[in-house]
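Each chain, written out:
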There are 2 protein chains.
Amino acid sequence: MEALKERIRREGRNLGDGILKVDSFINHQVDPQLMMVVGQELAKQFASLGVTKVLTAEISGIAPALTTALALGVPVVYARKTKPITMPECVYRQTAPSHTKGRRVELMVSPEFLHPSDRILIVDDFLATGQTISALVKLVEEAGAKLVGIGVLIEKSFEGGRKRLERLGVPIKSLVDIADMSDGRIVFAE
Amino acid sequence: MEALKERIRREGRNLGDGILKVDSFINHQVDPQLMMVVGQELAKQFASLGVTKVLTAEISGIAPALTTALALGVPVVYARKTKPITMPECVYRQTAPSHTKGRRVELMVSPEFLHPSDRILIVDDFLATGQTISALVKLVEEAGAKLVGIGVLIEKSFEGGRKRLERLGVPIKSLVDIADMSDGRIVFAE
């Protein structure tokens, strides 16, 4: 997707160790217009799958998940990393390592908002090793809901996350694929 | 604002101690259509102030801040509570107590995204005691930017936050005002 690729070319920073800094339009400052465009594009790619809910992980997934859900006309649920007092005692709970925080994080969803009848589209900002998305998939499975697709803005295909997720047998779409970040470069896949 | 008030009437839960649970449409599951409507309404109320950026706090502020910023045609910045490795060493930093987490949280913004030339509209989901918003105001002041307004979805006026913020001399708008939550009730202000 050219708009996103162009933005990464212009403002993305390769910080080494596979870390792509996109803080000026996705991860700290957010460009709402760009989020609308990427949300509409993801919604188009999964339009025929009968999605009833979009699931993401706080924090950076919220913006693109919200605009995708808006375009699909469904609610979005964000898995929480800390438990607010409004959350019931008994929740679906998984853990995943956080690349940008350097520790494992919990991901929790209240059973109030994931049901066996739900058809879930997972949306996140990045697909890297696939471990965060795998934890979201396990939350969907815990709830007995049906996973129907996975959509991300930026895939770092050199980190192999897609392999981890392919066994699920659902479509996995990324709007931009980065094939190589060695030697300070940002190389897009053909 | 009737749409939001109606939703609180239908799905809001008074958990005691002034805690209003709105997890089914704002704080865990989010209704994107409702967020668009509230964002457009907030944008309308601050349309004449030359806002250059919307500032909020992660996590629950992100959705309404994004839609408000979309309607205003400006970026949104969310203050971070934990520091990702993409953030520079030196950041603007304040702390605020979290009502729903039961501890103090840090709020950090990178100097990359708040500038002296910025005219900032702060948007958040709740105005309760005003302490989170006060911390955001201090971040704006640290950056030398100009605060031009404060907009929230739900004000709990019985917690007195507006008094704390009125000294700032900027317009403070809430879409719904809850005057009383004692004895399990949710009483809207006239």
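Preceding this section is the structure that the text describes.
Treat the numbers as computed from the prediction; the structure is a model and nothing was measured. (Residues numbered from 1 in each chain as written. Chains lettered and ligands numbered in written order. Predicted model: local features only at pLDDT ≥ 70, side-chain atom pairs only at ≥ 80, totals over all residues. Heavy atoms only, no water.)

Trainee: Would you mind going over the pairing of strand 10 (residues 172–180) of chain B in detail, with residue names and values included?
Mentor: Residue and element names in this part refer to chain B. Judged from the six bridges that link them, strand 9 (residues 146–156) and strand 10 form a sheet pairing that is parallel. Considered in strand 10, the bridge of Ile-154 is made with Val-176. In terms of strand pairing, strand 10 meets strand 11 (residues 187–188) through two bridges, oriented antiparallel. Its bridge partner lying in strand 11, Ile-178 is registered against Phe-188. (Pairing = 2+ DSSP bridges. Helix = DSSP H or I, 4+ residues; strand = E, 2+ residues; numbered from the N terminus.)

Trainee: Explain the environment of B:Ala145 to me, using residue names and the numbers behind them.
Mentor: Residues and elements named next belong to chain B. For Ala-145, the position within the fold is in the loop between helix 5 (131–142) and strand 9. Between the C-alpha atom of Ala-145 and that of Glu-106, which follows or precedes it by 39 residues, the distance is 20 Å. Beyond its immediate chain neighbours, meaning those up to four positions away, Ala-145 contacts His-115, Pro-116, Asp-118, Ile-120 and Val-140. (Contact = heavy atoms within 4.5 Å.)

Trainee: Account for the interface of chain B and chain A, naming residues and giving values.
Mentor: Contacts between chain B and chain A engage 46 residues on the former and 47 residues on the latter. A buried area of about 3,800 Å², summed over both sides, lies between chain B and chain A, and 64% of it is on carbon and sulfur atoms. Our count for the chain B to chain A interface comes out at two salt bridges. One salt bridge in this structure joins A:Glu112 and B:Lys21, with 2.8 Å as the shortest N-O distance. Across the contact surface, chain B and chain A share 18 residue pairs in polar contact (both at pLDDT 80 or more). Listed by contribution, the elements that provide at least two residues to the side of chain B that touches chain A are helix 2 (23–27), strand 3 (29–30), helix 3 (32–45), helix 4 (62–72), strand 5 (76–79) and strand 7 (103–109) of chain B. Here the side of chain B that touches chain A takes six residues from helix 4 of chain B, the largest share from any one element. Its residues assigned to classes, the side of chain B that touches chain A comprises 25 nonpolar, 13 polar and eight charged. In this structure, strand 3 (residues 29–30) of chain A lies alongside strand 5 of chain B, joined through two bridges in antiparallel fashion. In the strand pairing of strand 5 of chain B, A:Gln29 is matched with B:Val77. (Buried area = accessible area lost by both parts, 1.4 Å probe. Salt bridge = Lys/Arg side-chain N within 4 Å of Asp/Glu carboxyl O. Polar contact = N/O pair within 3.5 Å; in protein donor to acceptor, adjacent residues only side chain to side chain. Nonpolar A, V, L, I, M, F, W, Y, C, P; charged D, E, K, R; others polar.)

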